[in-house]
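Observations on chain architecture
Listed below, chain by chain, are the residues.
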Amino acid sequence: MAYTTLEDGSDVLRVPAHTQPDSEEECMVYCVYMLIEYCRTVHPVDLVRDTTPALNPEEIKDFIKVRPMGWAVDENDIEALSTAVSPIEFELREFERSPSTQKLYNILEDRLERELPTIAVVDAIQIQEQRTNRNISSNGGQTEHAVVVVGLNDRDVYLNDPWGGMQVPVDRDTFGEAWDIGLNRLITMSLQSTLEDH
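Residues numbered from 1 in each chain as written. Predicted model: local features only at pLDDT ≥ 70, side-chain atom pairs only at ≥ 80, totals over all residues. Heavy atoms only, no water.

1. Quick notes on the nonpolar core
Grouped together as the largest cluster of nonpolar side chains are 61 residues, with contacts concentrated most on Met 28, Val 32, Phe 90, Ile 119 and Phe 175. Looking at which element gives the most residues to this core, the answer is helix α1 (residues 27–41), with 12 residues. Excluding residues within four positions of it along the chain, Met 28 makes contact with Ile 64, Trp 71, Ile 119, Val 121, Ala 146 and Ile 187. (Core = buried A, V, L, I, M, F, W, Y, C linked by side-chain atoms within 4.5 Å. Buried < 20%, exposed > 50% of the residue type's maximum accessible area, 1.4 Å probe, protein only. Helix = DSSP H or I, 4+ residues; strand = E, 2+ residues; numbered from the N terminus. Contact = heavy atoms within 4.5 Å.)

Written out as structure tokens, the structure reads:
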């Protein structure tokens, strides 16, 4: 079963949580790792689990560039990664103008209905402001951070955070504001068409 029910009654995907090293700017690498591991070990379709290859974080770095200031990813990287982890197909979605938060939530709901998590790029300061043990460097008041969306309801968005949080609730308003940091990026995941029908 891909979903689990939390104490508050919310259903969230059982995406394996993996924590990035404290000294590294590897949040995107670990988010991709969580998505691959979800397909490989949890996805409800046997064929998806059986055909998804295992890639560790070091191997994922061949596709996601990690620089001193953080990670960088583009369409070519995502296409190459998708080829390496077939049957998973990743798509980098960038919005030049800030779309409505309703559009964001429509995309997330569509993926979750298909039992697929999504990577969202957010402002770490807004999402992590309650954490006092984090040294979040800021460039102009914002710092980009990747998280995995594993659930959604009328109040909250549930995240697996590679900084060490599993199924963490963030209220929808805060999440929507944190996502609006420029290009409004998501990395969505789908399965090859032959597997979507199973």
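More follows now that the structure is in view.
2. Let's talk about the confidence of the model for the chain
Summing up the model confidence of the chain, the mean pLDDT is 86 and the portion of residues at 70 or higher is 86%. The element-level mean pLDDT for the chain is lowest in helix α8 (residues 193–196), coming to 58, with α1 highest at 96. (pLDDT = per-residue confidence, 0-100.)

3. Some points on the packing of aromatic side chains
Scanning the entire structure with this criterion turns up 2 aromatic pairs. Ring centres of Tyr 30 and Tyr 33 lie 6.3 Å apart, and the angle between their planes is 90 degrees; this geometry places the pair in the edge-to-face category. Pair noted here: Tyr 30 and Tyr 33 are both in helix α1, with a separation of 3 residues, about one helical turn. With a centroid separation of 5.9 Å and an interplanar angle of 70 degrees, the aromatic rings of Phe 95 and Trp 179 are classed as edge-to-face. Note that Phe 95 is positioned in the loop between β5 (88–94) and α5 (101–113) and Trp 179 in helix α7 (residues 172–179), a separation of 84 residues in sequence. Comparing Phe 95 with Trp 179, the two get one shared label, buried. (Phe/Tyr/Trp six-rings, centres within 6.5 Å; stacked < 30°, edge-to-face > 60°.)

4. A short note on the sheet that holds strand β10 (residues 185–191)
Here we have 6 strands laid out as an open sheet, ordered β5-β10-β6-β7-β8-β9, and antiparallel in their pairing. Two strands bound the open sheet, and with one partner strand each, they are β5 and β9 (165–171). The average undirected angle you get between the axes of adjacent strands in this sheet is 35 degrees. Where β5 meets β10, 7 bridges bridge the pair, whose relative direction is antiparallel. When the sheet's bridge partners are listed, Glu 89 is paired in β10 with Ser 190. On the sheet, α1 packs against β5, β6 (118–123), β7 (144–152), β8 (156–161) and β10 and is oriented at approximately 30 degrees with respect to β7. Packing of helix α4 (residues 75–84) onto the sheet brings it into contact with β5 and β10, and relative to β5 it is tilted by some 165 degrees. (Pairing = 2+ DSSP bridges. Axes fitted to C-alpha atoms, helices over the stretch in contact; angles between N-to-C directions.)

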